[in-house]
Structure formats: structure tokens, C-alpha cells
Amino acid sequence: MTTREPIIQEPEASEPEATRRGAGVAESSRANRGWWDRNADEYQVEHGTFLGDDRFVWGPEGLDEVEAELLGPPEDLKGKDVLEIGAGAAQCSRWLAAQGARPVALDISHRQLQHALRIGGTFPLVCADAGALPFADASFDLACSAYGALPFVADPVLVLREVRRVLRPGGRFVFSVTHPIRWAFPDEPGPEGLSVSASYFDRTPYVEQYIENGVGRAVYVEHHRTLGDRVRDVVAAGFRLVDLVEPEWPAWNSSEWGGWSPLRGNLIPGTAIFVCVRD
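Residues numbered from 1 in each chain as written. Predicted model: local features only at pLDDT ≥ 70, side-chain atom pairs only at ≥ 80, totals over all residues. Heavy atoms only, no water.

## What about the packing of helix α1 (residues 25-51) against helix α4 (residues 110-119)?
Where we set the bar: Orientation is described by lines fitted to C-alpha atoms, with helices fitted over the stretch in contact, and by angles between N-to-C directions that extend from 0 to 180 degrees. The secondary structure listing takes helices from DSSP runs of H or I that are at least 4 residues long and strands from runs of E that are at least 2 residues long, numbered from the N terminus. Residues count as neighbours in contact if any of their non-hydrogen atoms are within 4.5 Å of one another. Each residue receives one of three labels: charged for Asp, Glu, Lys and Arg, nonpolar for Ala, Val, Leu, Ile, Met, Phe, Trp, Tyr, Cys and Pro, and polar for the others, Gly being one of them.
Between α1 and α4, the least distance of the axes is 7 Å, while the angle of their chain directions is 40°. Note on element contacts: α4 touches α1 through His110, Arg111, Gln112, His115 and Arg118, opposite Trp36, Asp37, Ala40, Asp41, Tyr43 and Gln44. Partitioned by chemical class, the residues of the contact of α1 with α4 number three nonpolar, four polar and four charged.

## Considering unusual backbone geometry
Note the cut-off: Accessibility here uses a 1.4 Å probe with only protein chains present; expressed as a share of the type maximum, an area under 20% marks a residue as buried, one over 50% as exposed, and anything in between as partly exposed.
If you check the backbone angles, Glu69 has positive phi at about 50° while not being a glycine. Here Glu69 is to be found in the loop between α2 (65-68) and β2 (81-85). Take Glu69: its relative accessible area is 37%, and that puts it in the partly exposed class. The phi torsion at Tyr147 lies on the positive side, around 60°, for a residue other than glycine. Mapped onto the secondary structure, Tyr147 falls in the loop between β5 (140-146) and α5 (156-166).

## Some details on the environment of Ala237
Secondary-structure assignment places Ala237 in the loop between α6 (227-236) and β9 (240-245). Overall, the relative accessible area of 6% leaves Ala237 in the buried class. Note: C-alpha distance between Ala237 and Leu160 (77 residues apart in sequence) is 5.7 Å. Those residues within four positions of Ala237 in sequence are excluded, and the remaining contacts are Val157, Leu160, Arg161 and Arg164.

## Things to note about a nonpolar patch on the surface
To keep things clear, this is the line we draw: Candidate patch residues must exceed 30% relative accessible area and have no salt bridge, after which like charges are joined if within 9 Å and Val, Leu, Ile, Met, Phe, Trp or Tyr side chains if within 5 Å. Computed by Shrake-Rupley with a 1.4 Å probe, the accessible areas treat only the displayed protein chains as cover when residues are assessed. In the sections that follow, a salt bridge refers to a side-chain nitrogen of Lys or Arg positioned within 4 Å of a carboxyl oxygen of Asp or Glu.
Taken together, the side chains of Leu194, Leu263 and Leu267 define a hydrophobic patch exposed on the protein surface, amounting to about 250 Å² of accessible area. Following the sequence through the fold, Leu267 ends up in the loop between α7 (262-265) and β10 (271-277). For Leu267, a relative accessible area of 58% translates into the label exposed.

## Observations regarding the sheet that holds β10
Heads up, the rule is: A pair of strands counts as paired when DSSP detects no fewer than two bridges linking them.
With respect to topology, seven strands assemble into an open sheet ordered β4-β3-β2-β5-β6-β10-β9, the strand pairing being mixed. The sheet is open, and its two edges are formed by β4 (125-127) and β9, each paired on a single side. Ignoring strand direction, the axes of neighbouring strands in this sheet form an average angle of 20°. Across seven bridges, the pairing between strand β6 (residues 167-178) and β10 is antiparallel. Looking across to β10, one finds that Thr178 is bridged to Thr271. Taken strand by strand, α4 contacts β3 (102-107) and β4, and its axis lies near 170° from that of β4. Across the sheet, α6 is in contact with β6, β9 and β10; its angle to β10 comes to roughly 20°.

## Focus on α6
What counts, and what does not: The reported arc concerns the directions from the helix axis to the C-beta atoms and nothing else.
Those residues of α6 not exposed but buried are Asp229, Arg230, Asp233 and Val234. Each buried residue of α6 sits inside an arc of 135° when the element is viewed along its axis, so together they form one side. Exposed side chains of α6 directed beyond 90 degrees from the buried face belong to Arg232 and Val235. Where α6 ends, the next residue or the one after it, Gly238, has phi of about 95°, a positive value.

## Things to note about the confidence of the model for the chain
Note the following rule: The pLDDT value expresses, per residue, how confident the predictor is, ranging between 0 and 100.
On average, residues of the chain score 95 in pLDDT, and 95% of them reach the 70 mark or higher. pLDDT under 50 marks residues 1-10. Its contacts with residues more than four places away, or in other chains, come to 21 contacts.

## A short note on the pattern of salt bridges
Counted by the stated rule, this structure contains 14 salt bridges. Taking the shortest distance from any N to any O, the salt bridge between Arg20 and Asp202 comes out at 3.2 Å. Placement of Arg20 in strand β1 (residues 17-20) and of Asp202 in the loop between β6 and β7 (206-212) is noted, with a sequence separation of 182 residues between them. One salt bridge connects Glu27 with Arg21, and the closest N-O pair in it is separated by 2.8 Å. Through salt bridges with shared partners, a single ionic network connects Asp81, Arg102, Asp141 and Arg168.

## Considering the packing of α5 against α6
This is how the line gets drawn: In this scheme, roughly parallel covers angles under 35 degrees and roughly antiparallel covers those over 145, while 65 to 115 is roughly perpendicular and the rest are oblique. Two helices crossing with the near one rotated counterclockwise from the far one by less than a right angle form a left-handed crossing, whereas a clockwise rotation gives a right-handed crossing.
In the contact formed by α5 and α6, the axes pass within 9 Å of each other and the chain directions differ by 40°. When the axis of α5 is compared with that of α6, the two are oblique. As for the relative orientation of α5 and α6, their crossing is right-handed in sense. Seen from α5, the contacting residues are Pro156, Val157, Leu160 and Arg161; seen from α6, they are Arg230, Asp233, Val234 and Ala236.

Right under this line is the structure:
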């Protein structure tokens, strides 16, 4: 990454339609790379204050790695090689570097990594797909992903196996995703978001698309896995699941973030964090 020039893209002529349909690995990757490139600026403006420049926050609840220690005690991070997947503006990597770790921040979006450059840091930034990590086997001691990659990929086991490949024996991978139960509820922060509106067991991807010559062109894709699916994916990739954290909504957090809010957070979980070990 050497350029700070903005990405110039023509705006879409209209709003995409939302639908539920199949979306494979290549289509999901292409759509989400474009979506994050187009929306990175707005995302950082809207959420940058909450995320900070050098905090490690696991999700909208505000659970901070300082208190959670899901990667281990901060003093044990010194000298560790850590891969952050779906790094965005690399806030988590910046916090890791401050603890003495050697992070590498990876994201599929070039524009998100330009925000990482804007904020600054001395660690490497890598623009790549999480399903094809450009690193040698056993390159890292730890890996982490705070809402990065896993909600958006069609083949999560492929990504998990790639992460396991680049971890050293005994390495830990911790990742957070939208809690699977949220798939059954409308993505609304108010009372309308408290009534079940869809089947929890329907794995059909959520797709935003434009219709061109009768064919849908996806511009955003999100994939649903049940809680059991996520556990089975972790095991199928060769990891051992050692913890599953469901952060409770803290009293101090009055923020709304999309469908996350104090109202919903006090009643149903919004984030699931999987703590996995490569034996």
C-alpha cells in the first residue's frame, strides 16, 4: 500500500433491490469487495468515533479486548505475530502494536486500508481475500477478526482452513460475527426488531443486487450460519473450540449501530465470539 489517492467510482443510478438467493464464493467476494470500497468512507465517519483509532472492540456492544483478554493477557502479546482479518482501518492492529505485538492488517477492501494509512501505523497492510491468504504456512502466533470476512463469505470452512494453515501449532484464532439468532429478526433497533420475521434455519443468503438484462448483479452479500453450523465449521477446519462468548449489552453503551441498540441488546444477543485453538 503506497497510495493515499481516493478511489473514484461512478455512483449507482438507483438503490439496489434486496432479495434472498444463492450466491457463491466468487460472486460474494466480488460484491463485497466493491461494497466496502464504495462505503468505507461513510462507515469510518459513522463508526470511527466508537471504534477509535487504536482500540480493539469486538462488536457493537463495545466489549474491549483490554477487558476480555480473548487473545490472552496483554502482556503476553509482546513479540507475537498476529494476523487481523477484515481489518478495516486497522484499529485492532494498532492496539496490538501498542502492546508490543507484530500485527499484519488484512482486508479485501483497498479503500478501507487507505483509511488505515490515513490514521497511520508501522505494521504491514495487505489487500487480499481471506479465502486465499498470501502467507506461508505457520506464519503467525495468533489471528483475530472482529466482524471481518466470516459473515460475508460463501465458504466459511475455506477461510477457517486458511487461517489454520497460517497459524503455528498452539495458535489461537478469535473471531466475532453477528449472533446467528439475529437472522430471524428484522434488522431494526426499535420494538419492530423484537418480533421474529424469518426462519432461523433458512440459510439462503441476503443479497442486494441490480437487475441487468434479466440477471441479478450482486453488490452486497451476507451469509447466515446457525450457531450449530458455526461450531461445525470450526471443527471441520481442524480447530478446537475453547469458548463461545455472547457479550451482554453494558449499561454505559447508549449507542445504536444498525440493528444493535440498548433495547435489543438487553433482550437478545447481538454478537457471537468464537475462541478457537490450532492444536
